[in-house]
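Here are the chains, one letter per residue:
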Amino acid sequence: MDPIARIKAERQDARDLDDPNADLCFLALSESGKPSVRTLVLRDITADGFTLFINKTSPKWSIIQANNQAEMLIWYTNSQTQYRISGLIEELAPSFIEHNWHRRPTASKYMDYSYASLGSQSSQIDGRDALVGHIDGLKEKHREEELVTPESAAGIVLRPEVIEMLDLNMPHRIHDRRRFVLTDGKWRFTQLMP
Ligand SMILES: Cc1cc2nc3c(=O)[nH]c(=O)nc-3n(C[C@H](O)[C@H](O)[C@H](O)COP(=O)(O)O)c2cc1C
């Protein structure tokens, strides 16, 4: 079984069922032994990895630079399957984000601009009104068609090394748990106690 092909198929099933979580994942990072986790949109899944968009002003970017080991969690309600994907994070070429940034929702583009002009992502601000006012100002100053990809917008990819699957949708509630390890370019699995 190719776990990545299976994840892609389950994601498509979730999309077909309008599952609002179909395109989400949870990314865990660790800095000096301190764990942190956040929800992210899972942009793309290929045999080479799991693609995410982030902003380099955010704390997660400095964490990744210090330690690029990560674990991503995906849970598909419909198939009742959990995936824990671990590996190393790499930055994608700027051309990748350049190609995709303009397709982002309008609000996300102005938010990326505000990280440069108001405050880095996750920094303290003077209140929500200050942010709303700032974004209104940005909209007056720059029409959407004139926006250019900010240098801080980044695409990253988690290159999977180990994928652990837990499938709860099995007869007699006896779950199927497997650990897939990428060995010489092929996924090999061992069966685990669920
Ligand atoms: C449904 C959902 C989707 C999100 N997607 C993204 C995303 O694609 N990229 C991103 O940087 N943050 C996304 N976030 C926000 C992150 O969870 C997080 O709050 C933010 O990135 C700041 O995290 P940091 O402290 O690691 O910098 C999303 C949050 C939710 C609830």
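The rules behind each value
Residues numbered from 1 in each chain as written. Predicted model: local features only at pLDDT ≥ 70, side-chain atom pairs only at ≥ 80, totals over all residues. Heavy atoms only, no water. Helix = DSSP H or I, 4+ residues; strand = E, 2+ residues; numbered from the N terminus. Buried < 20%, exposed > 50% of the residue type's maximum accessible area, 1.4 Å probe, protein only. Areas by Shrake-Rupley, 256 points an atom, 1.4 Å probe, with all protein chains shown as cover. Lys, Arg positive; Asp, Glu negative; His and termini not counted. Charge placed at Lys NZ, Arg CZ, Asp CG, Glu CD. Salt bridge = Lys/Arg side-chain N within 4 Å of Asp/Glu carboxyl O. Contact = heavy atoms within 4.5 Å. Polar contact = N/O pair within 3.5 Å; in protein donor to acceptor, adjacent residues only side chain to side chain. Pairing = 2+ DSSP bridges. Domains from an automatic or database assignment. Buried area = accessible area lost by both parts, 1.4 Å probe.

## Things to note about the overall build of the protein chain
Of the regular secondary structure elements, the protein chain holds 5 helices and 9 strands. Shown N-terminal to C-terminal, the secondary structure of the protein chain runs as helices and strands in the order α-β-β-β-β-α-β-β-α-α-α-β-β-β. Each principal axis of the C-alpha distribution contributes one length, and for the protein chain these read about 60 × 40 × 30 Å. Among the 194 residues that make up the protein chain, the fraction classed as buried is 38%. Carbon and sulfur atoms provide 50% of the accessible area of the protein chain, an area that totals close to 11300 Å². For the protein chain, the distance from the average site of its 24 positive side-chain charges to the average site of its 28 negative ones is 4 Å.

## Focus on the pattern of salt bridges
Any two side chains of opposite charge can pair, given that their charged atoms come close. Taken as a whole and assessed by the stated rule, the structure comprises 14 salt bridges. A salt bridge links Arg-143 to Glu-145, with the shortest nitrogen-to-oxygen separation between them at 2.7 Å. Residue Arg-177 is joined to Glu-164 by a salt bridge in which the shortest nitrogen-to-oxygen separation is 2.8 Å. With a gap of 13 residues between them, Arg-177 in strand S8 (residues 176-183) and Glu-164 in strand S7 (residues 153-167) connect regions that are remote in the sequence. Here the salt bridges do not stand alone but share partners, grouping Glu-71, Arg-84, Glu-164 and Arg-177 into one network.

## Let's talk about the environment of Asn-55
Checked against the element boundaries, Asn-55 lands in strand S4 (residues 49-55). Sequence separation between Asn-55 and Ala-153 is 98 residues; the distance between their C-alpha atoms is 4.7 Å. When near neighbours in sequence (up to four residues on either side) are disregarded, Asn-55 contacts Trp-61, Asp-112, Tyr-115, Gln-121, Ser-152 and Ala-153. Within the structure, the side chain of Asn-55 is placed 2.7 Å from the side chain of Thr-57, a separation counted as a polar contact. There is a polar contact of 3.1 Å between the side chain of Asn-55 and the side chain of Ser-152.

## A word on the side chain of Lys-60
Position of Lys-60 among the secondary structure elements: in helix H2 (residues 59-66). Despite its burial, Lys-60 pairs with no opposite charge, the nearest such side chain being Asp-112 at 9.3 Å.

## Description of the pairing of strand S2 (residues 34-41)
When a strand is regular, its side chains alternate between the sheet's two faces. Looking at chain direction, strand S1 (residues 24-31) and S2 are connected through 8 bridges and run antiparallel. The partner of Phe-26 across the bridge, within S2, is Thr-39. Where S1 folds back on S2, the antiparallel hairpin that results is connected by 2 residues, among which Ser-32 adopts a positive phi of roughly 50°.

## Things to note about the domain arrangement of the protein chain
Under the domain assignment, the protein chain is made up of domain 1 (3-101 + 151-192) and domain 2 (103-148). Distance from the C-alpha centre of domain 1 to the C-alpha centre of domain 2: 28 Å. Contact residues are listed per partner, giving 11 residues for domain 1 and 11 residues for domain 2. Both faces combined, the contact of domain 1 with domain 2 buries some 990 Å², and carbon together with sulfur accounts for 50% of it. Considering only the side of domain 1, the residues that lose the most area to domain 2 are Asn-55, Thr-57 and Trp-101, jointly responsible for 59% of the buried surface there. The tally of links from domain 1 across to domain 2 stands at 0 salt bridges. Summed over the shared surface of domain 1 and domain 2, the result is 7 residue pairs in polar contact (both at pLDDT 80 or more). Listed by contribution, the elements that provide at least two residues to the side of domain 1 that touches domain 2 are S4, H2 and helix H3 (94-101). A per-element tally of the side of domain 1 that touches domain 2 places H3 first, with 3 residues.

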